[in-house]
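Here is how the chains run, residue by residue.
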Amino acid sequence: MFFQRSKRARRIAACTALALSTGMLLAGTASADTPAPRPSVEKPAPAGTALPKLALPKADGSRSAGIAEAAEAGSAPRSDVDGDGHSDILWRGYDGEVYSALTSGIEGSQVYRSDGSADFVKDIVPIGDQDKNGTRPEVLTLSSDGDITLYGDTTESYGEFRWGASGWQIYNKVFSPGDISGDGRPDVLARTPGGELWVYVSTGTYNAPFHARQKVGNGWHVYDQLIGLGDSDGDGKGDFLARTPGGTLFYYGSTGSPYSVKPRKEVGHGWDLYNQIVGIDDDNGNGIGDVVARGSDGTLWIYYGKGNGHFTARQQASSGGGWADTPQLGGAGNVPAHGKEGMLARDKAGTMFWYYPTGTGKLAPRQQLGETGIAAGLNLTEVNSLGPDGISDTLINYEGHLYGDADFGGGWSAINLIAGPGDLNNDGTGDFVARDRSGVLWLYRTNYNGTALHARVKIGGGWGAYDRIVGSGDLSGDGLNDLVARAKDGNLYLYQGTGQAGYPFKARVKIGGGWNAYPKIVAPGDITGDGKADLLAVNSGGELFRYSGRGEAGWVFKSRASIGTGYQTYNGLY
């Protein structure tokens, strides 16, 4: 969608303009009196597409339950932004903005945030009419740097700022099951990478919307999706679903206390068919929460609730695969990916190209960046976003200086490899690692804007044993960013992130052999739409393979899939 992608173009333009200002790239001969030219590398926008629409079936012949009836049934809508009594879908675009899609089938729009926030929205958590003023819902947004913001009386195109706080990057998933405290206001649950589940009970007040958190329990790291369902068992309180990476679905009912849940009940298998699952409350008017699930091809399906976490057979809820190109659905149960959304490529002539993901595990047609040959001979790499805009950065190591959105200073001639998996110390800002020529790996932490570096931290020696070190996002399923490294014998190792600057990675785990069959390995972030990091590899014949992230440390990738040919034309993929 062309309107979602302009920030990416500006990022590459800004980085390259800075690099060019140092005189490192010359389209022609420059003299001491003639500054180096600064050709634009503004990326052409992909062909625009319409906002996706919903086409929900009429399961019982009508969708007649209004706001009052749904509330009495215990499954009040949490995201009804058009006021028709049925939850709608909010979603985040590649630009980090919020958009709406209406269950009435009418086209939605971009949701303007009244505080004028330019923060990249990582996740969206609709929480319904928390203030109980009888109008539109309240919606939480989580930014890439850990800020949480409450917008009140949200419509399909507008959200009124109410409250904000920082520090929520300590959680890898935040969701709302609906009202679990019994006061009629939806509450919020949040999970840490270590598997602790915490509850924030709603207060209904604007400037302090939640009571102090209380711990619900441990061990919740075994699930890759946590889905707020609304009331499914008819007790008037919110329930939720939890899915394992293998696709087993469990139901958790409310106990009547916000600080505990009923024992889990297995309610389904095969739910790993879906990359994102959303609780859409009671859509068909029977008082039981329903869910929408997105397939790998971008098709939406709806399951109508039968009670106690059970559902009817699925029915198609969208026109084909039109929802593939929406990276994060509001209220979806997955851990959201952010910070890199594709692949940078440079051909043998030095021309740069960008590949967007399609959301289906493939790459869209390439888009040229700048003039032909503009990056010939450059030592560059692409890293997860260093600043709060959630968009990946191009780093260029030239004559001992490192350039990104700023000049990061000198001394970089000692560095022979850089990889940027994202935030490594869980402070909400992007980081990267760099290996020096003696084989020592260093952690470089950035400031809030990604324009300056803190003092580097030594990770350890022996990294010269690897000929490839890459990473972009979470491979192990805990929401922390990881690295993979290939040894010269072709074995591939996972270094699982810890979120701690002094000890950013756990001991390595071997995850495969035979990877020396691939001259090129690149970490593109999430290209399958499930929030899990993926890996791409090119063999000597130029065939491109996708290794989809599974989200488990002991079983990192699904079986490889061939997704393209002709990639031997590139001398670098980043």
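Just so it is clear, the structure is predicted and the values come from calculations on it, not from any experiment.

Undergrad: Hey, could you run me through the overall build of the protein in this one?
TA: Along its length, the protein carries 2 helices and 43 strands. Counting every position in the protein, which comprises 574 residues, the buried fraction comes to 62%.

Undergrad: How should I be thinking about the sheet that holds strand β22 (residues 328-329) in this particular structure?
TA: Two modes of strand pairing occur in sheets, parallel and antiparallel, and in both the strands are linked by backbone hydrogen bonds. Strand order across the open sheet formed by 3 strands is β2-β1-β22, with antiparallel pairing between neighbours. This sheet does not close on itself; its edge strands, each paired only once, are β2 (98-101) and β22. Here 2 bridges tie strand β1 (residues 89-92) to β22, and the two strands are oriented antiparallel to one another. By the bridge assignment, W91 is partnered in β22 with L329.

Undergrad: Would you take a moment to explain the confidence of the model for the protein for this structure?
TA: Detailed conclusions should not be drawn from predicted coordinates in areas where pLDDT is low. Summing up the model confidence of the protein, the mean pLDDT is 89 and the portion of residues at 70 or higher is 88%. Low pLDDT, under 50, characterises residues 61-73; the stretch is placed with 20 contacts to residues that sit more than four places away or in other chains.

Undergrad: Got a minute to help me understand the pattern of salt bridges in this structure?
TA: Two side chains carrying opposite charge are able to pair once their charged atoms lie near each other. According to the stated counting rule, one finds 14 salt bridges in the structure shown. The partner of K532 in a salt bridge is D224, and the shortest N-O contact between them spans 2.6 Å. Here K532, found in the loop between β37 (520-525) and β38 (534-538), pairs with D224, found in the loop between β11 (214-217) and β12 (225-230); they are 308 residues apart in sequence, far enough to count as distant. Residue K532 shares its accessibility class with D224, and that shared class is buried. Linking D467 and R486 is a salt bridge whose minimum nitrogen-to-oxygen distance equals 2.9 Å.

Undergrad: Just to check I follow, could you spell out the packing of aromatic side chains for this structure?
TA: Centre-to-centre distance and the angle between the planes together describe a pair of aromatic rings. In total, this model carries 39 aromatic pairs according to the counting rule given. Taken together, a centroid distance of 4.4 Å and an interplanar angle of 35° make the contact between W463 and Y495 tilted. Taken together, the residues span a long stretch of sequence, with W463 in the loop between β32 (457-460) and β33 (466-470) and Y495 in strand β35 (residues 492-495) at a distance of 32 residues. With relative accessibility at 10%, the residue Y495 sits in the buried group. Clustering of aromatic rings is evident, with ring pairs tying together F175, W220, Y223, F240, F250 and Y252. For R162, the ring lying beneath its charged end belongs to Y206, and the centroid distance is 3.9 Å.

Undergrad: Sorry, what's going on with the pairing of strand β8 (residues 173-178) here?
TA: Sheet faces and side chains relate simply in a regular strand, where the side chains alternate between the two faces. The element β8 is largely enclosed, with a buried count of 6 among its 6 residues. Where β8 meets strand β9 (residues 187-191), 4 bridges bridge the pair, whose relative direction is antiparallel. Bridged to G178 within β9 is D187.

Undergrad: Would you take a moment to explain the side chain of R346 for this structure?
TA: Along the chain, the position of R346 falls in strand β23 (residues 343-347). One buried charged side chain, R346, makes no salt bridge at all; its nearest oppositely charged neighbour is D347, positioned 7.1 Å away. At 2.5 Å, the side chain of R346 forms a polar contact with the backbone oxygen of L378. In contact with R346, not counting residues within four places along its chain, are T351, M352, A375, G377, L378, L380, Y570, N571, G572 and Y574.

Undergrad: Mind showing me how you'd approach the side chain of N481 here?
TA: With respect to the element layout, N481 can be found in the loop between β33 and β34 (483-487). Among the polar contacts made by the side chain of N481, one reaches the main-chain carbonyl oxygen of D423 at a distance of 2.8 Å.

Undergrad: Is there a simple way to think about the sheet that holds β34 in this case?
TA: One open sheet holds the 4 strands; their spatial order is β33-β34-β35-β36, and the pairing between them is antiparallel. Two strands lie at the open edges of the sheet, namely β33 and β36 (509-512), each paired on one side alone. Neighbour to neighbour, the strand axes of the sheet diverge by 30° on average, direction disregarded.

Undergrad: Would you explain the environment of V111 in this entry?
TA: Within the secondary structure, V111 sits in the loop between β2 and β3 (112-113). If near-sequence neighbours (up to four positions away) are discounted, V111 is found in contact with L90, V98, Y99, S100, T154, T155, E156, S157, Y158 and G159.

Undergrad: Would you mind going over the pairing of strand β39 (residues 544-547) with me for this structure?
TA: Of the two faces of β39, the one carrying L544 and R546 and the one carrying F545 and Y547 are both buried. Turn length for the β38-β39 hairpin, with the two strands adjacent in sequence and antiparallel, is 5 residues, and the turn residue G542 shows positive phi of about 90°. In terms of strand pairing, β39 meets strand β42 (residues 561-564) through 3 bridges, oriented antiparallel. Across the sheet, L544 pairs through a bridge with G564, a residue of β42.

Undergrad: Would you explain unusual backbone geometry in this entry?
TA: Note: most peptide bonds trans; most residues except glycine with negative phi. Despite not being glycine, D281 shows a phi value in the positive range, around 60°. For N426, which is not a glycine, the phi torsion comes out positive at approximately 60°. N426 sits in the partly exposed class, given a relative accessible area of 23%.

Undergrad: Teacher, can you tell me more about the environment of H269 here?
TA: Topologically, H269 is positioned in the loop between β15 (265-268) and β16 (274-281). Residues H269 and G246, 23 residues apart in the sequence, show an inter-C-alpha distance of 8.4 Å. With near-sequence residues (within four places) excluded, H269 lies in contact with G247 and T248. Looking at H269, its side chain comes within polar contact range of the side chain of E266, at 2.5 Å.

Undergrad: Where do I start with the environment of A553 in this structure?
TA: Residue placement: A553 occurs in the loop between β40 (549-552) and β41 (555-557). Residue classification places A553 among the partly exposed residues on the basis of a relative accessible area of 29%. Taking the C-alpha atoms as reference, A553 lies 4.4 Å from S476; in sequence the two are 77 residues apart. If sequence neighbours within four positions are ignored, A553 has contacts with S476, L494, Q496 and I511.

Rules behind the numbers
- Residues numbered from 1 in each chain as written.
- Predicted model: local features only at pLDDT ≥ 70, side-chain atom pairs only at ≥ 80, totals over all residues.
- Heavy atoms only, no water.
- Helix = DSSP H or I, 4+ residues; strand = E, 2+ residues; numbered from the N terminus.
- Buried < 20%, exposed > 50% of the residue type's maximum accessible area, 1.4 Å probe, protein only.
- Pairing = 2+ DSSP bridges.
- pLDDT = per-residue confidence, 0-100.
- Contact = heavy atoms within 4.5 Å.
- Salt bridge = Lys/Arg side-chain N within 4 Å of Asp/Glu carboxyl O.
- Phe/Tyr/Trp six-rings, centres within 6.5 Å; stacked < 30°, edge-to-face > 60°.
- Lys NZ or Arg CZ within 6 Å of the ring centre and 35° of its normal.
- Lys, Arg positive; Asp, Glu negative; His and termini not counted.
- Polar contact = N/O pair within 3.5 Å; in protein donor to acceptor, adjacent residues only side chain to side chain.
- Axes fitted to C-alpha atoms, helices over the stretch in contact; angles between N-to-C directions.

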